[in-house]
Amino acid sequence: MKDQNIKSEKPQQKPEVWLRGPVQGIPNLLQPAAHALLQAGEDMHSYADNFPKELLWRKPAGRASVGFHLQHLTGVLDRMLTYAKKENLSDLQFEHLKNEGAENPEISTIQLLQDFDNKVSEALQYFKTVDADTLTEERSVGRKKMPSTHLGLLFHAAEHSQRHIGQMLVTISILKERS
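Here the residue numbering is sequential within each chain, running from 1 through the sequence in written order. With pLDDT at 70 or above as the cut-off, local features in this predicted model cover only qualifying residues; side-chain atom pairs require 80 or more to be listed or tallied, and sums for whole chains, interfaces and linings still use all residues. Hydrogens and water molecules were not included; the side-chain quantities draw on all heavy atoms of the structure.

### Thoughts on the side chain of His 164
Working step 1: If you trace the backbone, His 164 turns up in helix α5 (residues 150-178).
Working step 2: Summary of the burial criterion: residues with accessible area below 20% of their type's maximum are buried, those above 50% are exposed, and those between are partly exposed, where the area comes from a 1.4 Å probe applied to protein chains only. Of the residues examined, His 164 reaches a relative accessible area of 7% and is grouped as buried.
Working step 3: Side-chain polar atoms of His 164 contact the side chain of Gln 167, separated by 3.3 Å.
Working step 4: Sequence-distant contacts of His 164, defined by excluding residues within four places in its chain, comprise Phe 68, His 69, His 72 and Leu 73. Helix and strand assignments come from DSSP, with helices taken as H or I runs of at least 4 residues and strands as E runs of at least 2, each series counted from the N terminus. Throughout this description, a polar contact denotes any pair of N or O atoms lying within 3.5 Å of each other; where both atoms belong to protein, one of them has to be capable of donating a hydrogen while the other can accept it, and for residues adjacent in sequence the pair is counted only when both atoms sit in side chains. For this analysis, residues touch if any pair of their heavy atoms sits within 4.5 Å.

In structure tokens, the structure reads:
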């Protein structure tokens, strides 16, 4: 019988981002969104670093590929930042949206991870410029000008990222088990 007082020796893991304290320079009301984006980036790397390129575009059970999730994470964050800044999407952003999930053997997992890392850095820099008094201001989304707020867009960018990280984890788990 094992001694129940002996703890298993696992490497020390850092606490989740939200338990590490405030992100310097980010307004207090945007701390949860900053934490969620940083956590999404860390989780993405822990799940997708060294993910085999030959599995990147596979769609288990007809669901979205890992490549789609990685492209979509970056694309949504980019689009939400654009709307938060009261800007319209560019032709390049529409092209990116159209191609999210389209199999492209020229794209590597490493590049997709780097793209998201860069977009998270851009988002955090933007957060640092946000005047908290503007967070309840109205913003519109898309061609139909759906109603939201400055805070709503930034929160959605973070929440949507977390959602796709979870979906991607399941897809990665299935694909790795099958291969």
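Moving on from the coordinates now.
### A closer look at unusual backbone geometry
Working step 1: Positive phi, normally seen in glycine, also occurs at Asn 50, with a value near 65 degrees.
Working step 2: Mapped onto the fold, Asn 50 is located in the loop between α1 (31-48) and α2 (66-84).
Working step 3: Despite not being glycine, Ala 61 has its phi angle at roughly 55 degrees, a positive value.

### Some words on the nonpolar core
Working step 1: Put simply, a nonpolar core is a bunch of buried Ala, Val, Leu, Ile, Met, Phe, Trp, Tyr and Cys residues held in one set by side-chain atoms that sit within 4.5 Å of each other. Of all hydrophobic cores here, the largest spans 43 residues; its most connected members are Met 44, Val 66, Leu 70, Leu 77, Phe 127, Leu 154 and Met 168.
Working step 2: Where this core is concerned, the elements lending two or more residues are α1, α2, α4 (109-129) and α5.
Working step 3: It is α2 that contributes the most residues to this core, nine residues altogether.
Working step 4: Discounting residues that sit within four places of it in the chain, Val 66 has contacts with Phe 51, Leu 56, Arg 58, Met 168, Thr 171, Ile 172 and Leu 175.

### Observations concerning the environment of Val 170
Working step 1: Mapped onto the elements of the fold, Val 170 is located in helix α5.
Working step 2: Using a relative accessible area of 48% as the deciding quantity, one classes Val 170 as partly exposed.

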